[in-house]
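Close look at the chain arrangement
Okay, here's what each chain looks like letter by letter:
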Amino acid sequence: RGGTSKGLFFRGGDLPPRGPALDALVLGALGSPDPSGFQLNGVGGGISSTSKVSIVTASQREGYDVDYLFGQVEIKERRINWQGSCGNLSAGVGLFALAEGLVFPDFGATGASP
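Residues numbered from 1 in each chain as written. Predicted model: local features only at pLDDT ≥ 70, side-chain atom pairs only at ≥ 80, totals over all residues. Heavy atoms only, no water.

Comments concerning the side chain of S54
Definition in use: Under the DSSP-based scheme used, a helix requires at least four consecutive residues in state H or I and a strand at least two consecutive residues in state E, with every element numbered from the N terminus. Here the term buried applies to any residue with accessible area under 20% of the maximum for its type, exposed to any over 50%, and partly exposed to those in between, with areas from a 1.4 Å probe on protein chains only. Any two residues whose heavy atoms approach within 4.5 Å at even a single point are treated as in contact.
With respect to the helices and strands, S54 occurs in strand β2 (residues 52-58). The buried category is assigned to S54, whose relative accessible area is 0%. With residues near it in sequence (within four places) discarded, S54 still touches L8, F9, F10, Y68, L69, F70 and L89.

Here we look at the environment of Q39
Tracing the backbone shows Q39 in the loop between α1 (20-30) and β2. Look at Q39 and you get buried, because its relative accessible area is 1%. Separated by 12 residues in sequence, Q39 and L27 place their C-alpha atoms 9.9 Å apart. Other than its neighbours up to four places away in sequence, Q39 contacts L30, G31, S32, D34, G44, G45, G46, S51, E74 and I75.

Some remarks on the packing of aromatic side chains
In plain terms, the rule: Here a Phe, Tyr or Trp ring, Trp counted by its six-membered ring, pairs with any other such ring whose centre lies within 6.5 Å, and the pair is stacked when the planes are under 30 degrees apart, edge-to-face when over 60, and tilted otherwise. Charge over a ring is defined by NZ of Lys or CZ of Arg lying within 6 Å of the ring centre and within 35 degrees of the ring normal.
All chains considered together, the criterion is met by 1 aromatic pair. One Lys or Arg, R61, reaches over the ring of Y64 and ends 4.0 Å from the middle of that ring.

Comments concerning the nonpolar core
To be explicit about the condition: For the purposes of this section, nonpolar cores are sets of buried Ala, Val, Leu, Ile, Met, Phe, Trp, Tyr and Cys residues that join through side-chain atoms within 4.5 Å.
Formed by F10, L15, L22, V26, L27, L30, V53, I55, L69, V73, I80 and W82, the largest nonpolar core amounts to 12 residues. Listing elements by their share of this core, those giving two or more residues are α1, β2 and β3 (66-73). For this core, the leading source of residues is α1, giving 4 residues. Not counting the four nearest positions on each side in its chain, L69 is found in contact with R18, V53, S54, I55 and W82. Counting 10 residues, the second-largest nonpolar core is a separate cluster that includes F9, F70, V93 and L102.

Description of the pattern of salt bridges
The test is simple: Salt bridges, as used here, are contacts in which a Lys or Arg side-chain nitrogen is within 4 Å of a carboxyl oxygen on Asp or Glu.
On inspection of all chains with the given rule, the structure shows 4 salt bridges. Residue D67 pairs with R61 through a salt bridge whose shortest N-O separation is 2.7 Å. Taking the relative accessible area as the measure of exposure, R61 reaches 44% and is therefore partly exposed.

Concerning unusual backbone geometry
Most of the time, phi is negative for any residue but glycine, and the peptide bond is trans. Look at the link from S32 to P33: it is a cis peptide, with omega at -5°. Here P33 is to be found in the loop between α1 and β2. One non-glycine residue, Q39, lies in the positive phi region at around 55°.

Quick notes on the sheet that holds β2
Whether parallel or antiparallel, the strands of a sheet pair through hydrogen bonds between backbone atoms. Formally: Should DSSP find at least two bridges between two strands, the strands are regarded as paired. For helices, the axis comes from a line fit to the C-alpha atoms of the stretch in contact; other axes are also lines fit to C-alpha atoms, and the angle between any two N-to-C directions lies between 0 and 180 degrees.
Spatially, 4 strands are ordered β1-β2-β3-β4 in an open sheet, and the strand pairing comes out mixed. Across the chains shown, the open sheet's two edge strands, defined by having one partner strand only, are β1 (7-11) and β4 (80-81). Taken together, the 5 bridges between β1 and β2 define a ladder with parallel strand orientation. Bridge pairing links F9 to S54 in β2. Against the sheet, α1 engages β1, β2, β3 and β4, with an angle of about 140° to β1. The strands that helix α2 (residues 87-99) touches are β1, β2 and β3; relative to β1, the one it contacts most, it runs at about 40°.

Purely geometric numbers; function is a separate question.
Structure follows, in structure tokens:
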């Protein structure tokens, strides 16, 4: 969950590369397409704010810790929009990266103590 949106977070290394296999996996996980609009066969919530996905990877770019790919999953159609973004889900990317060991806290840099 991120803000008022809900979606699935995946480690990029656990998924097939972008293409038909990735789309099929994500669509199946959320239960799309579903002509009824309820996404009963997946974990999507049947409305656009609960039918999203973030794919998170450790970044290979200097100065960046993680990269993430956002997808808006259509409910009644077999389609994912990989072009957009979601500020709500992006708020959850850092916590996911910490929980999954993609990044590690530097307590000295933050001033926090363990």
